[in-house]
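As a plain string of letters, each chain reads:
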Amino acid sequence: MRSLVKLWVVVLSVFFIACESDEMMDAYSKHGVEHDKSVLKSSTESLNNELEQLSQTRFAAISHSMFGRLDGHEVSGNALFLKAVVEVGELMYNNASQNCYFEELMTLTFDKDYYCSLLAKEGCGVWAWDDANSTFIKVEEHETDVIFQFPATNEIPGDTALLTISDLAFYSGDFPDKGDVLEDGTVIEQALEKLHFSIKVKDELVLASNVNATFTYDGYFEVVAMTFNPTPYNLSGELGKDEQNGYWLLTFNNDADRVLGHLLDLSFDEHDEQMPVEQLINSLAIEEVVFNTTAETGELYNELLKVDDLQADSKAYAEALASALNNYAAMDVRYLNDNKIIAKAHAVPKARMDEAGSWWVDLELEFSDGSRESGEVYFDDFLAQFKLELEQMVAEFASKFGV
């Protein structure tokens, strides 16, 4: 996974070449507005098409089928792990998550400590779905793996899917959450260091996933890397901290072809509790274009926290969010190959036409001829996702990386 870091070092060097003059860095492309809009549109349409194709994978279909069986029924013990995986697949089936499942993969990655406490408690073995009682029952022992057998479809009797959890390894030292007792009584006794799981139907690989974590001397995470690959797609994420920098990397590939790359890089001041984030770089690359958000001080993060104190969807909330972004961040869309500007972005508070009293923040894109278009034409709900990801990232670093 460290290769992802190297990849983004190369990408960032394109964005921030020190020897370029400010004039060159701020230059619009010479292709013309219509060409720029066409490339931007085709890039985002390509992403939407790939997400639609992702919703039609075998993993998504199997998850949807099993989600229906689990819906309305209580699941406990190690089967909660299977349920969490199925819920991600159900989101993919419904094409219901923006920005390639950032939040879901982040949650699944870190909640594995909880799920793995349940897996370790129940031990290895084979569990089969009992349709009559809508639950899993243990049918045999297994020396090394946890295996779930369940129907792969609603239409074909006997078409069985196998979710196999293997290569489990735990961090045995002390860590911050060790000994915590959760609401269901589960005691967090170990942190996940390594795990592999897969779903197969008649030896056909439907999904493969790996998690690998490294720890600091005092039990905090150093790097957590995850792959989640519903054939033929590959989602790779890495959350890590290197000296004073923390980063989240996500790549979304169709086989060997990159669909999306996302980097959120944060510089921390661990001695300043009032302003822990010193600066940030957020880059979302889709096909030929990259959307950049940069803030050279920690004021952006502090202002976003103030926004949270206001009523969501209110005029005050929208105005405060737009003001924070415009005053403390630089946002633009550029060509990935030469760093030339396609559009500069501005946050604009707007009243919703279909809901009285409700406000939102539009990301207006200003092109080289001065014309503007709503960012929602290209980046659906980008600002809300960015705010969510930033705050979630800081929370994860604070609790699990010792920042």
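Residues numbered from 1 in each chain as written. Predicted model: local features only at pLDDT ≥ 70, side-chain atom pairs only at ≥ 80, totals over all residues. Heavy atoms only, no water.

Caption draft 1: Examining the side chain of H196 more closely. With respect to the secondary-structure elements, H196 resides in strand β5 (residues 191-201). A polar atom in the side chain of H196 sits 2.9 Å from the side chain of N210. Discounting chain neighbours no more than four positions away, the residues touching H196 are T164, I165, S166, D167, A208, S209 and N210. (Helix = DSSP H or I, 4+ residues; strand = E, 2+ residues; numbered from the N terminus. Polar contact = N/O pair within 3.5 Å; in protein donor to acceptor, adjacent residues only side chain to side chain. Contact = heavy atoms within 4.5 Å.)

Caption draft 2: Here's a closer look at the packing of helix α7 (residues 299-307) against helix α9 (residues 382-400). The geometry of α7 relative to α9 is characterised by a closest axis approach of 11 Å and an angle of 105° between their N-to-C directions. It follows that α7 is roughly perpendicular to α9 by the angle criterion. Of the residues in α9, those touching α7 at L300, Y301, L304, L305 and V307 are F386, K387, L390, E391 and V394. For the contact of α7 with α9, the per-class residue count stands at 8 nonpolar, no polar and 2 charged. (Axes fitted to C-alpha atoms, helices over the stretch in contact; angles between N-to-C directions. Parallel < 35°, antiparallel > 145°, perpendicular 65-115°, else oblique. Nonpolar A, V, L, I, M, F, W, Y, C, P; charged D, E, K, R; others polar.)

Caption draft 3: Spatial organisation of the pattern of salt bridges. In this structure the tally under the stated criterion is 10 salt bridges. A salt bridge links R58 to D159; the shortest N-O distance between them is 3.6 Å. One end of the pair, R58, is in helix α4 (residues 58-70); the other, D159, is in the loop between β3 (146-151) and β4 (160-171), and 101 residues separate them in sequence. Judged by its relative accessible area of 29%, R58 falls in the partly exposed class. Between K138 and E141 there is a salt bridge, with its nearest N and O atoms 3.2 Å apart. In this structure E141 comes out as exposed when scored by relative accessible area, which is 58%. Look at the salt bridges and you will find they share partners, linking K350, D362, E364, E366 and R372 into a network. (Salt bridge = Lys/Arg side-chain N within 4 Å of Asp/Glu carboxyl O. Buried < 20%, exposed > 50% of the residue type's maximum accessible area, 1.4 Å probe, protein only.)

Caption draft 4: Representation of helix α8 (residues 315-328) within the structure. Over its 14 residues, α8 extends 20 Å from the first C-alpha to the last, a length consistent with the 20 Å expected when each residue adds 1.5 Å. If you check which residues of α8 are buried, you get Y317, A318, L321, A322, A324 and L325. Along α8, the residues classed as buried sweep out an arc of 160° about the axis, all on the same side. Summarising the contacts, the buried residues of α8 are in contact with α7, β13 (330-335), β14 (341-351), β15 (359-366) and α9. (Expected span 1.5 Å × (residues − 1). Arc of directions from axis to C-beta.)

Caption draft 5: View of the pairing of strand β6 (residues 204-215). With 8 bridges connecting them, β5 and β6 associate as antiparallel partners. If you follow K200 over to β6, its bridge partner there is L205. If you look at the hairpin formed by β5 and β6, you'll find 2 residues sitting between the two strands, and K202 has a positive phi there, around 50°. The sheet contact formed by β6 and strand β7 (residues 221-230) spans 9 bridges and is antiparallel. Its bridge partner being in β7, A208 is matched across the sheet by N229. In textbook terms, the turn of a hairpin is the stretch between consecutive antiparallel strands, and for β6 and β7 this stretch comprises 5 residues, one of which, G219, has a positive phi near 90°. (Pairing = 2+ DSSP bridges.)

Caption draft 6: Quick look at a negative patch on the surface. A contiguous patch of negative charge on the surface is contributed by D255, D257, E287 and E288. For E288, the position within the fold is in the loop between β11 (277-286) and β12 (289-295). (Patch = residues over 30% accessible without salt bridge, like charges linked within 9 Å, V, L, I, M, F, W, Y side chains within 5 Å. Areas by Shrake-Rupley, 256 points an atom, 1.4 Å probe, with all protein chains shown as cover. Lys, Arg positive; Asp, Glu negative; His and termini not counted. Charge placed at Lys NZ, Arg CZ, Asp CG, Glu CD.)

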